[in-house]
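Reading the structure
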Amino acid sequence: MNTNTRRNPLPLGMGSIKASDYIAEFIAKQGITHCFGITGAHIMHLIDSVARHPKLKFIATQHEQAAGFASDGYARISGKPGIAISTSGPGAVNLLSGACASYFDSVPAVYLTGQVATNWLKRDRNLRQMGFQETDVCNIFKPVTKFCFEIKESGYVQGYLDSAFSIATAWRPGPVLIDLPDDIQRADLYAGGISAALTHQNKTFLTNTAKNGIYDLIQQAQRPILIIGNGFHITHDEELVSRLIDLFQWPVLTTWGGKDLLVANNRHNFGVFGTCGSRYANKMLSEADLVLSLGARLDQNVISRNPKAFAPKAKIIIVDRDEAELSKFEHIGLQIEPVKMDLADFISDIREAGLKLQNIDSWLKQCDDWENDYSKKEMLLQKQNDALTSINPYNAIDLISILAGENDIIITDAGATLAWTFQNWRIKKGQRLFSAFNHSPMGYALSASIGASVAAPHRRVICITGDGSFQMNIQELATIKYFCPNLKVFVMDNQGYGIIRQTQDIWLEGRHIASGQADGLGRVSIARIVSGYNLPLLSYKKAYDPALMEKFMHMDGPGICVIKINPDAKIIPKMGTGGNLVNMWPES
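Below, the structure is looked at part by part. (Residues numbered from 1 in each chain as written. Predicted model: local features only at pLDDT ≥ 70, side-chain atom pairs only at ≥ 80, totals over all residues. Heavy atoms only, no water.)

1. Description of the overall build of the protein
To keep it simple, the criterion reads: The helix and strand labels rest on DSSP assignments: H or I over at least four residues marks a helix, E over at least two residues marks a strand, and numbering proceeds from the N terminus. Atoms considered for the radius of gyration are the C-alpha atoms alone. The globule rule reads 2.2 Å times the number of residues to the power 0.38. In this description, contact between two residues means that some pair of their heavy atoms is separated by no more than 4.5 Å. Computed with the Shrake-Rupley method and a 1.4 Å probe, the accessible areas treat only the protein chains shown as cover for residues. Think of it this way: Lys and Arg go in the positive column, Asp and Glu in the negative one, and His and the chain ends go nowhere. A single reference atom marks each charge: NZ on Lys, CZ on Arg, CG on Asp, CD on Glu.
Within the protein, the secondary structure is distributed over 24 helices and 24 strands. Relative to the compact-globule value of 25 Å for 588 residues, the protein shows a C-alpha radius of gyration of 25 Å, a close match. Contacts spanning at least 24 positions in sequence make up 77% of the contacts within the protein whose residues lie at least 6 apart. Summed over its atoms, the accessible surface of the protein is roughly 24,300 Å², and 50% of this surface lies on carbon and sulfur atoms. Seen as two clouds, the 58 positive and the 57 negative side-chain charges of the protein have centres 2 Å apart.

2. A word on the nonpolar core
Inclusion rule: Nonpolar cores were defined as sets of buried Ala, Val, Leu, Ile, Met, Phe, Trp, Tyr and Cys residues, with membership established by side-chain atoms within 4.5 Å. For each residue, the accessible area found with a 1.4 Å probe, counting protein chains only, is set against the maximum for its type, and the residue is called buried under 20%, exposed over 50%, and partly exposed in between.
In this structure, Ile85, Leu112, Phe470 and Ile563 are the most contacted members of the largest nonpolar core, which totals 120 residues. In contact with Phe470, other than residues within four places in its own chain, are Leu446, Thr465, Leu477, Val489, Val491, Ile526, Val530 and Ile560. Residues Val252, Phe273, Val339 and Trp363 belong to the second largest nonpolar core, which totals 62 residues.

3. Focus: the sheet that holds strand 3 (residues 34–37)
What counts is decided by this rule: For two strands to be treated as a pair, DSSP must find no fewer than two bridges joining them. Here an angle of 0 to 180 degrees is reported between the N-to-C directions of two axes, which are lines fitted to C-alpha atoms, with helices fitted over the stretch in contact.
Reading across the sheet, the six strands line up as 4-3-5-6-8-7 and stay open at both edges, with parallel pairing between neighbours. The open sheet has two edge strands with one neighbour each: strand 4 (57–60) and strand 7 (147–150). Averaged over neighbouring strand pairs, the angle between their axes works out to 20 degrees when direction is ignored. Strands in contact with helix 3 (residues 64–78) are strand 3, strand 5 (82–86) and strand 6 (109–115); relative to strand 5, the strand with the most contacts, it is inclined by about 165 degrees.

4. Observations concerning helix 24 (residues 546–554)
Under the convention used in this document: This arc is built from the directions going out from the helix axis to the C-beta atoms.
Looking only at helix 24, the buried set comprises Met549, Phe552 and Met553. When helix 24 is viewed along its axis, its buried side chains cluster within an angular range of 100 degrees and face the same direction. In helix 24, the exposed residues that point more than 90 degrees away from the buried face are Ala547, Lys551 and His554. Buried residues belonging to helix 24 abut helix 17 (393–403), strand 19 (461–466), strand 20 (487–493), strand 21 (537–540) and strand 22 (559–564).

5. A look at the pattern of salt bridges
Under the convention used in this document: What makes a salt bridge here is a side-chain nitrogen of Lys or Arg within 4 Å of a carboxyl oxygen of Asp or Glu, nothing more.
Throughout the structure, instances matching the rule amount to 25 salt bridges. Put simply, Asp299 and Arg297 hold a salt bridge, and the shortest N to O gap is 3.8 Å. Among the ionic pairs, Asp408 bridges to Arg460, the shortest N-O distance being 2.8 Å. Placement of the pair is Asp408 in the loop between helix 17 and strand 17 (409–412) and Arg460 in the loop between helix 19 (444–455) and strand 19, with a sequence separation of 52 residues. For Asp408, a relative accessible area of 5% puts it in the buried group.

6. Comments concerning the packing of helix 17 against helix 24
The packing of two helices is summarised by the inter-axis angle and the distance between the axes. In plain terms, the rule: An angle below 35 degrees is treated as roughly parallel, one above 145 as roughly antiparallel, one from 65 to 115 as roughly perpendicular, and anything else as oblique. In this scheme the handedness of a crossing depends on how the near helix is turned from the far one: anticlockwise by less than a right angle means left-handed, clockwise means right-handed. Note on residue classes: Ala, Val, Leu, Ile, Met, Phe, Trp, Tyr, Cys and Pro are nonpolar, Asp, Glu, Lys and Arg are charged, and everything else, Gly too, is polar.
Axis separation between helix 17 and helix 24 bottoms out at 10 Å; the angle between their running directions is 50 degrees. One way to sum up the angle between helix 17 and helix 24 is to call them oblique. In terms of crossing hand, the pair formed by helix 17 and helix 24 is right-handed. Mapping the contact onto sequence places Leu399, Ile400 and Leu403 in helix 17 and Pro546, Met549, Glu550 and Met553 in helix 24. Here the contact of helix 17 with helix 24 is composed, by residue class, of six nonpolar, no polar and one charged.

7. Notes on the packing of aromatic side chains
We count it as follows: Pairing of aromatic side chains requires ring centres within 6.5 Å, counting the rings of Phe and Tyr and the six-membered ring of Trp. Pairs whose planes differ by under 30 degrees are stacked, by over 60 edge-to-face, and all others tilted.
Here the structure, examined in full by the defined rule, presents 15 aromatic pairs. Between Phe147 and Phe149 the ring centres are 4.7 Å apart and the planes differ by 45 degrees, which places this aromatic pair in the tilted class. As far as the burial class goes, Phe147 and Phe149 line up, both buried. When the ring of Trp256 is compared with that of Phe422, the centres are 5.2 Å apart and the planes differ by 15 degrees; the resulting orientation is stacked. In this pair, Trp256 is assigned in the loop between strand 12 (252–254) and strand 13 (269–272) and Phe422 in helix 18 (residues 416–424), connecting sequence segments 166 residues apart. Residues Trp256 and Phe422 agree in their burial class; the two are buried. Members of the aromatic cluster, connected to one another through ring pairs, are Phe147, Phe149, Tyr156 and Tyr160.

8. Description of a nonpolar patch on the surface
Short version of the rule: In this analysis, a patch consists of residues with relative accessible area above 30% that form no salt bridge, clustered at 9 Å for like charges and at 5 Å for the nonpolar side chains Val, Leu, Ile, Met, Phe, Trp and Tyr.
Taken together, the side chains of Ile506, Trp507 and Leu508 make up a nonpolar region of the molecular surface, amounting to roughly 280 Å² of accessible area. Residue position: Leu508 is located in the loop between helix 22 (498–507) and helix 23 (526–532).

9. Topic: the sheet that holds strand 12
Pairing is parallel in the open sheet, where six strands are placed in the order 13-12-11-14-15-16. Each edge of the open sheet is held by one strand with a lone partner, namely strand 13 and strand 16 (337–340). For this sheet, the mean inter-axis angle between neighbouring strands, taken without regard to orientation, is 20 degrees. Sheet analysis places strand 15 (residues 315–320) next to strand 16, joined by four bridges and oriented parallel. Among the inter-strand pairings, Val319 is bridged to a residue of strand 16, identified as Val339. Where helix 15 (residues 343–353) meets the sheet, its contacts fall on strand 14 (290–294), strand 15 and strand 16, and the angle it forms with strand 14 comes to roughly 135 degrees.

10. A closer look at helix 19
Formally: What a helix should span is 1.5 Å times the count of its residues minus one.
For helix 19, built from twelve residues, the straight-helix expectation of 16 Å at 1.5 Å per residue is met to within 8% by its first-to-last C-alpha distance of 17 Å. Burial runs high along helix 19: eleven of the twelve residues are buried. Those residues of helix 19 lying buried are Tyr444, Ala445, Leu446, Ser447, Ala448, Ser449, Ile450, Gly451, Ala452, Ser453 and Val454.

11. Looking at the packing of helix 1 (residues 19–29) against helix 7 (residues 157–169)
Running from N to C, helix 1 and helix 7 point in directions that differ by 30 degrees, and their axes come no closer than 11 Å. As far as their axial angle goes, helix 7 and helix 1 are roughly parallel. As helix 1 runs across helix 7, the sense of the crossing is right-handed. Across the interface between the two elements, Tyr22, Ile23, Phe26 and Ile27 of helix 1 pack against Val157, Gln158, Leu161, Asp162 and Phe165 of helix 7.

12. Section: unusual backbone geometry
Omega for the bond connecting Ile572 with Pro573 falls within 30 degrees of zero, at 0 degrees, which places this linkage in the cis form. Residue position: Pro573 is located in the loop between strand 22 and strand 23 (574–575). With a phi angle near 55 degrees, Leu298 is a residue other than glycine that sits in the positive phi range. Its place among the elements puts Leu298 in the loop between strand 14 and helix 13 (300–303). Notably, Ala514 is not glycine yet its phi reads approximately 55 degrees, a positive angle. Following the sequence through the fold, Ala514 ends up in the loop between helix 22 and helix 23. The exposure class of Ala514 is partly exposed, given its relative accessible area of 41%.

In structure tokens form, the structure reads like this:
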């Protein structure tokens, strides 16, 4: 990223101001209301300034990793950059997984990490460490941030802060880190600070020749499929989805990141595809003659480990603003027609072109037939998970989905719970459904729900997590108790790591190692833990009472509902060992 220097004076009439107070005021002026983090010796001045600011609230999490995830959840719901704050050394390093989640999913965030005073920085000395808890944070975070600023002079604070927020939100959003030595936070700032002015990517438009080639493919398609993904959320172009569907009238498949862009009963919505997608969606892809992908990276989880088998009969048009995302397909052997453009510009061009599309009534009917046929078979296979001593996960997700209301926010975790939720959830108007799709860390959902909860205090937030993921950040029940009255947490307790057991069954002939209590994974009493945090608990072991669960959903304050899942419950369907999306396990 190219930089040069420019002047960035303090506001008119302001003589001097403490640096930490300036940072807090700057954050508030961005429309941000909450910051997340943990205090410490090298960040206490900034946290004091944030906590004293009348328009900001500091949410003290119990672990810095949770602060990173909470800032990610806050950003996805508020549309503003998430703010995570930590002290130096171990505090800063604990934020790393949060930065990965935001970077890989293109979520804007600004991380503010404390550092030892400038006179204790090792600088270029051949030392491992000079100041106590000094750590080279910037070099650790550089691979998973858009930019890292290491401030060593107070004159750079104003401008670098301005640049950090610009970078975090511009082009393809992501996290930016500012490392703030303790004495810099305490310094007085004066007018005329120096900053880096950054140049961002320019928009790209197709030549007329390239346009005509793409338009010809679209107009000739007789078995087309439209794929939509999380990119519409990243660019805040959600309203374009309905216009796009009205324009094409094609069958639509979504990535998991795009699932909440369409209500479940939309005529053209045929659901999710990929390694844990539906059989009929994957069948549609195998027979399509054109795939037009918008706002979707098409990663390994949706195209499978065998890219050449993805949509084998189709021309594949992918629209993306990031050249690197388009060029990666050549490396993995998938032939595409790349279109390097912003979504809004591409859709605008298509509308203005007045394309004449083929009549695809027979194709839509065929897709309907596949959906009806495969859905019945999948339902029968999923019901085989029923047991007298536990609850079928698909039934549980169905009930939670039915009880959820319009505009609810649903956040789910990694593993089997993630797949069960995205396979069976039926989106209603205004709902958001997301996870940390590409980093997919265990423990994300509980912490991200904190950020979503304070970002939208008048909307209900539903966290769906597994018992394994729940323990990864279980300490955040204390944070939820104090700050999240609109949060309901569902723990799908399958007594270990269900998706790992299923994978061990496939690849290791059923040898389960460290994936359940019988093979070395310790367990605790969730009920006792929840009781220790003085939170209400609802627990189901053999059967559930829909009326009681509905009452739980509407009760005041946060609550935890534990659902005892059959430990042998599987993700159905799931791609088998062959790496072909048409060959799903189990065979139907």
